[in-house]
Amino acid sequence: MGRKTWAVVRSMGDWPYGTRPAWVLSRTQAGGADDPSGVRFTQQTPQDLRAQWQAMGLQRVWLVGGGDLAGRFLAAGCLDELVVTTIPVVLGAGVPLFGGTGAPQARWKRAGMGLHPGGVHGVYYQFDSGSASAGGG
């Protein structure tokens, strides 16, 4: 997750991820003594993190954060699946889906949909590896 998401999650009280390992990508903050077990702060690139996770045998990694973080992973070709979740609240303004990073065009195919409590609607996409314009993933 990104540092901004980290700050929001920490402000909500109990750590919701239990003992699952978590990485916080931040160029400005390091971990503290009161951080939950398994939380690591890092400045690594998406490619380096993906290689590390693969070496650890992790098969599914959930990216939590805003458009900037998602855009960095997309631009690096490090996303295989995308879940776009909408919440029925009109914001009026916000952060672009991929943070305006100029991420390369990629093809995605819809893999499913789900309606969750509170009216949250999720659309699940998978990276289309047959796309000539996609940059890996």
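Residues numbered from 1 in each chain as written. Predicted model: local features only at pLDDT ≥ 70, side-chain atom pairs only at ≥ 80, totals over all residues. Heavy atoms only, no water.

### Focus on the overall build of the protein
- Helix and strand content of the protein: three helices and five strands.
- Secondary structure elements of the protein occur, N-terminal to C-terminal, as α-β-β-α-α-β-β-β.
- The contacts in the protein between residues at least 6 apart in sequence include a share of 53% that link residues at least 24 apart.
- Counting every atom, the protein has about 9000 Å² of accessible surface; 52% of that belongs to carbon and sulfur. (Helix = DSSP H or I, 4+ residues; strand = E, 2+ residues; numbered from the N terminus. Contact = heavy atoms within 4.5 Å. Areas by Shrake-Rupley, 256 points an atom, 1.4 Å probe, with all protein chains shown as cover.)

### Let's talk about the side chain of Ser26
- Among the structural elements, Ser26 can be located in the loop between strand 1 (22-25) and strand 2 (39-42).
- Not counting the four nearest positions on each side in its chain, Ser26 is found in contact with Arg3, Phe41, Thr42 and Gln43.

### With respect to the nonpolar core
- Met1, Trp6, Val9, Trp15, Tyr17, Ala22, Val24, Val39, Phe41 and Val64 together form the largest nonpolar core, which totals 10 residues.
- Contributing elements (two or more residues each) for this core: helix 1 (3-11), strand 1 and strand 2.
- Ignoring any residue separated from it by four or fewer positions in sequence, one finds Ala22 in contact with Trp15, Gly38, Val39 and Arg40.
- The next biggest cluster of nonpolar side chains, apart from the first, holds nine residues, and it includes Trp23, Leu49, Leu74 and Leu79. (Core = buried A, V, L, I, M, F, W, Y, C linked by side-chain atoms within 4.5 Å. Buried < 20%, exposed > 50% of the residue type's maximum accessible area, 1.4 Å probe, protein only.)

### Quick look at the pattern of salt bridges
- All told, the structure shown has two salt bridges when counted by the stated rule.
- Residue Arg50 pairs with Asp80 through a salt bridge whose shortest N-O separation is 3.0 Å. Linking Arg50 in helix 2 (residues 46-55) with Asp80 in the loop between helix 3 (67-75) and strand 3 (81-86), this pair joins segments that are 30 residues apart in sequence.
- For Arg60, the salt bridge identified is with Glu81, shortest N-O distance 3.5 Å. Taken together, the residues Arg60 in the loop between helix 2 and helix 3 and Glu81 in strand 3 connect sequence positions 21 residues apart.
- Take Arg60: its relative accessible area is 68%, and that puts it in the exposed class. (Salt bridge = Lys/Arg side-chain N within 4 Å of Asp/Glu carboxyl O.)

### Some details on the environment of Ala76
- Tracing the sequence through the fold places Ala76 in the loop between helix 3 and strand 3.
- Exposure remark for Ala76: the relative accessible area of 22% places this residue in the partly exposed category.
- Distance from Ala76 to Thr45, taken between C-alpha atoms, is 8.7 Å for residues 31 residues apart in sequence.

### Structural notes on the environment of Gly38
- Positionally, Gly38 belongs in the loop between strand 1 and strand 2.
- The exposure class assigned to Gly38 is partly exposed, which follows from its relative accessible area of 29%.
- A sequence separation of 19 residues divides Gly38 from Thr19, and the C-alpha atoms of the two residues are 6.3 Å apart.
- For Gly38, the contacting residues outside a window of four places in its chain are Arg20, Pro21 and Ala22.

### Description of helix 2
- Taken together, the buried positions of helix 2 are Pro46, Leu49 and Trp53. Here the buried residues of helix 2 occupy an arc of 65 degrees about the axis, which is enough to place them on one side. Residues Gln54 and Ala55 are exposed on helix 2 and point more than 90 degrees away from its buried face.
- Looking at the buried residues of helix 2, the elements they touch are strand 1, strand 2 and helix 3. (Arc of directions from axis to C-beta.)

### Some remarks on the confidence of the model for the protein
- Scored by pLDDT, the protein has a mean of 80; 79% of the residues are at 70 or more.
- Looking at the elements of the protein, mean pLDDT is at its lowest for strand 3, recorded as 76, and at its highest for helix 2, recorded as 94.
- Considering only residues more than four positions removed or in separate chains, one finds that residues 132-137, a stretch of pLDDT under 50, has 16 contacts. (pLDDT = per-residue confidence, 0-100.)

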